[in-house]
Amino acid sequence: METVLLCCKTVGTDSVFTETMWRRSVGAAHTWFGCRSAGPKRIWGPHAVRTCSTPALPPGRITALQAVDLWRRHFEERGVTEPGHSSRYIIAHLLGAKTVESLEHGKLTEFLSQEKTEQMWRLCTRRLSRMPVQYVIEEWDFRDLTLKMRPPVFIPRPETEELVELVLRDLMKNPGTGGDSQHACLEVGCGSGAISLSLLKSLPQLKVIALDQSQAAVDLTVENALRLGLQDRLQVYHIDVMKDAETVLSLCRHVSVLVSNPPYLFSEDVVSLEPEVLRWIHGVIILSAAPRFEDHSALDGGEDGLNVIRQILTLAPHILSNHGRVYLEVDPRHPVLIRPWVEAHVEGLHYVATQHDFTGRPRFCILQKEKSHKDRELYLGLRN
Amino acid sequence: MLVSSCFRLCFRRSGGVYSSRGRRAGWRTLTGQTCVNYANTTEQQLWRTATTKRLYHSDLYKNESVQRYLQQLMEEYRDLSKKLEHVYLSESDRKVLLKRQSELLPLANVFKDVEAALKDLEELLSLLHGSACVKDKDEQLTQLLKEEEAQMSQEILNLRKDLIKALVPIDPLDRSNVLLEVVSGRTTGGDICQQFTKEMFDMYQGFACYKNWDFEVYNYTPAEYGGLHHAAVRIAGENVYRHLKQEGGTHRVQRIPEVGLSSRMQRIHTGTMTVIVLPQPVEFDVSIDPKDLRIDTFRSRGPGGQSVNTTDSAVRIVHLPTGISAECQQTRSQLQNRDTAMRMLRVRLNQSMMGKETEQRHTARKQQVGTRSQSERIRTYNFSQDRVTDHRTGYTTRDIKEFMKGGEALDNLISDVLAHAEREALLEVVESSGSVKQPASGQSAD
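Everything numeric in this text was worked out from a predicted model, so none of it was measured.

K.L.:
Help me understand helix H5 (residues 114–128) of chain A, please; the structure alone is not making it clear to me.
P.N.:
Because each turn of an α-helix spans 3.6 residues, side chains separated by three or four positions in sequence point in the same direction. Residues and elements named next belong to chain A. Over its 15 residues, H5 extends 21 Å from the first C-alpha to the last, a length consistent with the 21 Å expected when each residue adds 1.5 Å. Taken across its 15 residues, H5 has 12 buried, putting it largely inside the fold. Every buried residue of H5 is accounted for by Lys116, Thr117, Gln119, Met120, Trp121, Arg122, Leu123, Cys124, Thr125, Arg126, Arg127 and Leu128. Phi for Arg130, located one or two positions after H5, is positive at around 70°.

K.L.:
I tried to follow the UniProt feature "coiled-coil region" (unreviewed entry) in chain B on my own but got confused; where do I start?
P.N.:
If you check UniProt for "coiled-coil region" (unreviewed entry), the listed places come out as residues 63–90 of chain B in our numbering. Helix makes up 82% of residues 63–90 of chain B and strand 0%, with an end-to-end C-alpha separation of 39 Å.

K.L.:
What is the right way to look at empty space enclosed by the protein in this model?
P.N.:
Gaps between atoms show up when a probe of the same size as a water molecule is rolled over them. Overall, the coordinates contain 13 cavities of 30 Å³ or more when judged by the stated rule. If you add up the space inside the second largest cavity, you get close to 100 Å³. If you go around the second largest cavity, you meet 14 residues; those closest to its centre are A:Trp140, A:Pro156, A:Pro158, B:Arg332 and B:Gln334. Secondary-structure elements contributing two or more residues to the lining of the second largest cavity are strand S1 (139–142) and helix H7 (158–173) of chain A.

K.L.:
I keep staring at the UniProt feature "domain: Prokaryotic-type class I peptide chain release factors" (unreviewed entry) in chain B and nothing clicks. Help me out?
P.N.:
The feature "domain: Prokaryotic-type class I peptide chain release factors" (unreviewed entry), as annotated in UniProt, sits at residues 299–315 of chain B in this numbering. Helix makes up 0% of residues 299–315 of chain B and strand 6%. Its end C-alpha atoms lie 11 Å apart.

K.L.:
What is the right way to look at the side chain of B:Thr221 in this model?
P.N.:
The residue B:Thr221 is located in strand S2 (residues 214–222) in this model. B:Thr221 has contacts with A:Ser102, B:Leu228, B:His229 and B:His230, leaving out every residue within four places of it along the chain.

K.L.:
I would appreciate a short explanation of unusual backbone geometry in the present structure.
P.N.:
Glycine aside, a negative phi is what most residues show, and trans is what most peptide bonds show. All names here are of chain A. With omega at 0°, the peptide bond leading from Pro151 into Pro152 counts as cis. Structurally, Pro152 is set in the loop between strand S2 (145–148) and H7. Positive phi, normally seen in glycine, also occurs at His323, with a value near 70°. When you line up the elements, His323 lands in strand S7 (residues 320–329).

K.L.:
Honestly, the nonpolar core in this entry has me stumped. Any pointers?
P.N.:
Nonpolar side chains tend to gather and get buried jointly when the protein is soluble and globular. All names here are of chain A. Ile91, Met120, Leu199 and Val259 are the most contacted members of the largest nonpolar core, which totals 61 residues. Per element, the largest residue contribution to this core is 6 residues, and it comes from H7. When neighbours within four sequence positions are excluded, Ile91 is seen to be in contact with Ala64, Val68, Val100, Leu108, Leu112 and Met120.

K.L.:
I tried to follow the sheet that holds strand S1 (residues 177–184) of chain B on my own but got confused; where do I start?
P.N.:
Paired through backbone hydrogen bonds, the strands of a sheet run either parallel or antiparallel to each other. All names here are of chain B. One open sheet holds the 8 strands; their spatial order is S2-S3-S1-S5-S4-S9-S10-S11, and the pairing between them is mixed. On the outer flanks of this sheet lie S2 and strand S11 (396–398), each paired with one strand and no other. Strand after strand, the sheet turns through a mean of 15° between neighbouring axes, direction not considered. Most of the contacts of helix H11 (residues 334–353) go to strand S5 (residues 269–280), to which it runs at about 70°, and overall it touches S1, S2 and S5.

K.L.:
Got a minute to help me understand the layout of surface pockets in this structure?
P.N.:
In this model, the largest pocket occupies a volume close to 1200 Å³. Those elements that place two or more of their residues in the lining of the largest pocket are S2 and H7 of chain A together with S1, S2, strand S3 (228–236), S5, strand S8 (324–328) and H11 of chain B. A total of 8 residues in the lining of the largest pocket trace back to one element, the largest contributor, which is H11(B). Grouping the amino acids of the lining of the largest pocket by side-chain chemistry returns 16 nonpolar, 14 polar and 13 charged. When residues are assigned to domains, the lining of the largest pocket turns out to be shared by domain 2 (178–282 + 373–433) and domain 3 (293–361) of chain B, each giving three or more.

K.L.:
Could you clarify how one ought to interpret the interface of chain A and chain B in this entry?
P.N.:
Note: interface size is frequently given as the accessible area lost on complex formation between the parts. Across the boundary between the two partners, chain A contributes 50 residues, which contact 35 residues of chain B. Buried area between chain A and chain B, both sides added, is near 3700 Å², and the carbon and sulfur share of it is 47%. Looking at the side of chain A facing chain B, the largest losses of area belong to A:Glu82, A:Glu104 and A:Arg361, adding up to 16% of the total buried there. In this structure, A:Glu139 and B:Arg332 form a salt bridge, with 2.8 Å as the shortest nitrogen-oxygen distance. Counting the contacts that link chain A with chain B gives 23 residue pairs in polar contact (both at pLDDT 80 or more). With 5 residues, the top contributor of residues to the side of chain A that touches chain B is H7(A). Here the residues of the side of chain A that touches chain B are counted per class, giving 20 nonpolar, 9 polar and 21 charged.

Parameters and conventions
- Residues numbered from 1 in each chain as written.
- Chains lettered and ligands numbered in written order.
- Predicted model: local features only at pLDDT ≥ 70, side-chain atom pairs only at ≥ 80, totals over all residues.
- Heavy atoms only, no water.
- Helix = DSSP H or I, 4+ residues; strand = E, 2+ residues; numbered from the N terminus.
- Expected span 1.5 Å × (residues − 1).
- Buried < 20%, exposed > 50% of the residue type's maximum accessible area, 1.4 Å probe, protein only.
- UniProt positions renumbered as here; feature names shortened; annotations may be inferred.
- 1 Å grid on protein atoms, 1.4 Å probe; cavity = no way out; pocket = protein on both sides within 12 Å on 5 of 7 lines; lining within 4 Å.
- Points joined across faces, edges and corners; volume = space filled by probe spheres on them.
- Contact = heavy atoms within 4.5 Å.
- Core = buried A, V, L, I, M, F, W, Y, C linked by side-chain atoms within 4.5 Å.
- Pairing = 2+ DSSP bridges.
- Axes fitted to C-alpha atoms, helices over the stretch in contact; angles between N-to-C directions.
- Nonpolar A, V, L, I, M, F, W, Y, C, P; charged D, E, K, R; others polar.
- Domains from an automatic or database assignment.
- Buried area = accessible area lost by both parts, 1.4 Å probe.
- Salt bridge = Lys/Arg side-chain N within 4 Å of Asp/Glu carboxyl O.
- Polar contact = N/O pair within 3.5 Å; in protein donor to acceptor, adjacent residues only side chain to side chain.

This is the structure in structure tokens:
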């Protein structure tokens, strides 16, 4: 957002700014391509901008609408997913708005400046390489927040907005009354920080601890927290729950909410979908030869997609306070697997409910910590 | 003619007031009967001058058709009371009559008070003249009576205001909260429109603060140069719609831009912005069954969730029983869009549920305020002349800076426009009722 406003300030600074912005993102691209530059294809880079696949810059001036149309058709021809949306989001971003619909009337029929036209070409060229729009414009909305997006950190999905809704609904129904009962929350796998920051924004008393196994995700979460002024109540740690459970346990005790959108795709789906996904167009998962935009470790949940979920549920009773809850976003096939597994393997955790997402798919699991019978007997025994 | 007719009216309905005022009755016996005749002759004159002065304030009261309408209603009220006492009625008929009676009751009460007050004044005046003719009888008493008279006149004045208020048709939506939108004009004025839209937004925010209302921003789309394209807010509090309903329409600005060539040339630009005010009734708040809704969003094939990355955040919600729908693609968050669409759907459902009656009343109100319509220019803010003019009433105020703070200055203007609109509304009702029942009321007046 900031970048947009700056870009638009005056024509004079505009060119300088875009220059630096461009250089910076190119730089980012380099580091992120660095590991796979040995690959056979380099989809884009400083040189790729002017490859033959990109339509030539128009000789004369064109309007925003013409640019949108031209790129939509080009995306279509090249099989880029959501061609219309992509080119519209990019132009809206360049013109300082979030969506074309929220642009001022008549703005689309105005001529683009030379600067803006070039920017449009640069950004759309990136999209042509199947880079998700969210990475191209480097930001996206999650609930009422606008978050910075940067590869390879996972881009939050609309389903996760509903996960936050579930947590908020429960916490608002039962607000902590200060003192000890002030709520604390743990998020495992924070990515861009979407869940944690939304919770912090809506609940001014809440404190959150966020973990991620990727340094890039930790950095992005911190950056987003700073942008939104929510850093004071947030602690972010670079920890892998799979490998370092002890550190997790030493850091967090007696939290009332454990929320996570863990990697939950089945490995076979990730593997088998990949080429298709590329062909019929997703931008999420790309052929191994091409750049991977989103970190696979943020998606792949192992053979049955439950690797991380099982770990979280095993740790949950030790982390939660009594009656504390776990909120998970999972694959629609998961709830029926999770329930019996928890009953058989995790003591002190009670499966509360399965919630459906806006498409009607069983998407969220809610579990609650209850003092186990053993504890209760012990307690009764002590009293007698 | 008018005054005398209203006088007649007072005399006619004044039975039984005397006896209740013991104190003044005492004075009457004290001053004696000698001057009564004299008093009667001058009283009318005095009364007349006093009345004309008062009528100047509440000019509606002297309006012939308003008086006729008032009498009609009182006649109706008496008939109703009589019927309810004597005539045998079926239960349903009785209910209808009782409902109408309770509608008229506040008016009838004020009317009674006015009559009683007039009677008292009349009495007082006669006393005053009685004491005046018995010269140097009692200076103190005369003084007292004069004070009393002034007080009574004021009371009558206030009562008449109440009476007019009771006559003005009540807008059941007055107590509603509102959805207020400010929209920058098209490019006619360029940046000036957006700048002005922002100032208007700030003004309404200030006004909400001044009135101690809640001000919740639903949408805020800033323009590139620090102005505002569009904003939607929900304003909640006491009688919000009543005070803001007159704000809907096109507002015009005239000023010299702060930057650019025109600024250097001191050239005045004209721009516009539009305010839209939709009532969100409190008591009509519809409960929507989630089962009645169809929510259309992008739906992927396969398992969805992490396996899909879509940028399609548009949402459309259809209320199946009514077919009313709302859609939103203002933000890149699907949930935000869904919430906004839901709120819009709610407002639309409310509006449609309000029914035909309100619709008719609204068109009626629009007509009676004559040329006013949503698309019309209602007010001009001339910055170079430091002046705000409302075109519906001609009300003009200086010190635009103070006005744009949304405090007392704006409140005064709104009150003026509101009073004007209510007067128009009353005249509309009066005339429409007069045209139907004129012959009957003409007879009764004579």
